[in-house]
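Chain by chain, the residues run as shown.
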Amino acid sequence: MDNNQFSGSIPTTLSLVRTLEVIRFDWNSLIGSVPSNINTLISLKAMLFSNNKLAGLMPDLTGMNLLGYLDMSNNSFEVADVPTWITALPALTTLYSSILRKFSG
């Protein structure tokens, strides 16, 4: 569902789709924060929220062990150090983010 001119916030009910493997909401006009319950989507392999107007902190993705591709770039997330949960994602091979300051650990 990329580049569809969607607007508004990401519904918390998205987490009810337990078999979802890919989320592509990039290149829209989504606002607000990513729902904190997004990490219940444990079948997710790719999540693309780039080029929106999302804000706040990046959500904690602990438990998303199949997530291999994460793109949260070009939003308005708060600048922060690399969250510790990043190292707990065993399948993560690709990460795009424009708000991470440093990687330590």
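Just above, that's the structure.
Residues numbered from 1 in each chain as written. Predicted model: local features only at pLDDT ≥ 70, side-chain atom pairs only at ≥ 80, totals over all residues. Heavy atoms only, no water.

1. Observations concerning the pattern of salt bridges
- Applying the stated rule across the entire model yields two salt bridges.
- In this structure, Lys 45 and Glu 21 form a salt bridge, with 3.8 Å as the shortest nitrogen-oxygen distance. Of this pair, Lys 45 sits in the loop between strand S3 (29-32) and strand S4 (46-48) while Glu 21 sits in the loop between strand S1 (7-8) and strand S2 (22-24); the two residues are 24 residues apart in sequence, bridging distant segments of the chain.
- Looking at Lys 45, the relative accessible area reads 41%, which means it is partly exposed.
- Ionic pairing is found between Arg 24 and Asp 26, a salt bridge with its closest N-O pair at 2.8 Å.
- According to the relative accessible area criterion, Arg 24 is partly exposed, its value standing at 35%.
- Looking at Asp 26, the relative accessible area reads 4%, which means it is buried. (Salt bridge = Lys/Arg side-chain N within 4 Å of Asp/Glu carboxyl O. Helix = DSSP H or I, 4+ residues; strand = E, 2+ residues; numbered from the N terminus. Buried < 20%, exposed > 50% of the residue type's maximum accessible area, 1.4 Å probe, protein only.)

2. A word on the packing of aromatic side chains
- Going through the model one piece at a time under the given rule, you end up with three aromatic pairs.
- Aromatic side chains Phe 25 and Phe 49 sit 6.0 Å apart centroid to centroid with 20 degrees between the ring planes, which places their arrangement in the stacked category. Here Phe 49 lies in the loop between S4 and strand S5 (53-56) and Phe 25 lies in the loop between S2 and S3, a separation of 24 residues in the sequence.
- Overall, Phe 49 belongs to the buried group, its relative accessible area being 0%.
- Three or more aromatic residues joined by ring pairs make a cluster, and in this case those are Phe 6, Phe 25 and Phe 49. (Phe/Tyr/Trp six-rings, centres within 6.5 Å; stacked < 30°, edge-to-face > 60°.)

Any functional reading would require information that these geometric values do not contain.
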